[in-house]
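# Structural overview for review
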Amino acid sequence: MPLITYIDHKGNAFEADVPVGDSVMQGAVDNMIDGIIGECGGACACATCHCIVEDAWFEKTGPASDDEKLMLEMSSEMQDNSRLSCQIEVTEDLDGLVVHMPQSQY
């Protein structure tokens, strides 16, 4: 299983093995990692799973879709490399992915 690193707003890192096919959000929820809530359950209908993908990984996760961008605009901490973690499907290529969680989700 790919290892995903979630970094909170204070710089604390949490690692989780996430099954291929799951979302980065589901990996956080299943491993009780604070900072990714996922209120809509992964339907791209809120921004409570906002994460900031490290630049080195952004190309592999791809850019946000238009619908995702609309949801991200609700976040006060949106950046160019922001994504909804529910929209990032875990693949073997994402082994080692690092995402940061914005302070506003705590």
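Structure report, in brief. (Residues numbered from 1 in each chain as written. Predicted model: local features only at pLDDT ≥ 70, side-chain atom pairs only at ≥ 80, totals over all residues. Heavy atoms only, no water.)

### Considering the overall build of the protein
Heads up, the condition is: Each helix is a run of H or I in the DSSP string that is no shorter than four residues. Each strand is a run of E no shorter than two, and both are numbered from the N terminus. Note on method: radius of gyration uses C-alpha positions; expected globular size equals 2.2 Å times residues raised to 0.38. Exposure is judged per residue with a 1.4 Å probe applied to protein chains only, and the accessible area is read against the type maximum: over 50% gives exposed, under 20% gives buried, and values in between give partly exposed.
Counting its regular elements, the protein contains three helices and five strands. Listed by position from the N terminus, the elements making up the protein come as β-β-α-β-α-α-β-β. A globule of 106 residues ought to have a C-alpha radius of gyration of about 13 Å, and the protein, at 12 Å, matches this closely. With the C-alpha coordinates of the protein rotated into their principal frame, the extents come out at 30 × 25 × 25 Å. Counting only residues that meet the buried cut, the protein has 46% of its 106 residues in that class.

### Observations regarding unusual backbone geometry
The backbone phi angle of Met32 is positive, close to 55 degrees, even though this residue is not glycine. Checked against the element boundaries, Met32 lands in the loop between α1 (24-30) and β3 (50-53).

### Points about the pattern of salt bridges
Rule in force here: Should a side-chain nitrogen of Lys or Arg be within 4 Å of a carboxyl oxygen of Asp or Glu, the pair is scored as a salt bridge.
On inspection of all chains with the given rule, the structure shows one salt bridge. Residues Arg83 and Glu68 are paired through a salt bridge, measuring 2.7 Å at the closest nitrogen-oxygen approach. Here Arg83 is found in strand β4 (residues 82-84), whereas its partner Glu68 is found in helix α3 (residues 66-72), with 15 residues between them in sequence. Residue classification places Arg83 among the buried residues on the basis of a relative accessible area of 3%. Since its relative accessible area comes to 2%, Glu68 is described here as buried.

### Structural notes on the pairing of β3
Rules: Only strands that DSSP links by at least two bridges are regarded as paired with each other.
Covered by surrounding structure in β3 are His50 and Ile52 together with Cys51 and Val53, the residues of both alternating faces. Where β3 and β4 come together, three bridges link them in antiparallel fashion. Of the residues in β4, the one forming a bridge with His50 is Leu84. Relative to strand β5 (residues 98-100), β3 runs antiparallel, the two sharing two bridges. Across the sheet, Ile52 pairs through a bridge with His100, a residue of β5.

### Comments concerning the nonpolar core
The tendency in soluble globular proteins is for nonpolar side chains to be buried side by side. This is how it is decided: Nonpolar core, defined: a set of buried Ala, Val, Leu, Ile, Met, Phe, Trp, Tyr and Cys residues in which side-chain atoms within 4.5 Å join the residues together.
Core analysis: the biggest nonpolar cluster contains 28 residues, and Tyr6, Val24, Ile36, Val53, Leu84, Leu97 and Val99 have the highest contact counts within it. Elements with a contribution of two residues or more to this core: β1 (3-7), α1, β3, α3 and β5.

### Examining the environment of Leu97
The criterion, for reference: Contact criterion: two residues are considered in contact whenever any of their non-hydrogen atoms come within 4.5 Å of each other.
On the secondary structure map, Leu97 appears in the loop between β4 and β5. The spatial distance from the C-alpha of Leu97 to the C-alpha of Val53 is 8.0 Å, given a sequence separation of 44 residues. Not counting the four nearest positions on each side in its chain, Leu97 is found in contact with Leu3, Ile4, Thr5, Val24, Val53, Trp57 and Thr61.

### Quick look at the sheet that holds β4
Definition in use: Axis angles are defined between N-to-C directions and span 0 to 180 degrees, where every axis is a line fitted to C-alpha atoms and, for a helix, only to the segment in contact.
Read across the open sheet, the five strands follow the order β2-β1-β5-β3-β4; overall the sheet is mixed. On the outer flanks of this sheet lie β2 (13-17) and β4, each paired with one strand and no other. Between one strand and the next, the sheet's axes are offset by a mean angle of 35 degrees, whatever the strand orientation. Taken together, the three bridges between β1 and β5 define a ladder with parallel strand orientation.

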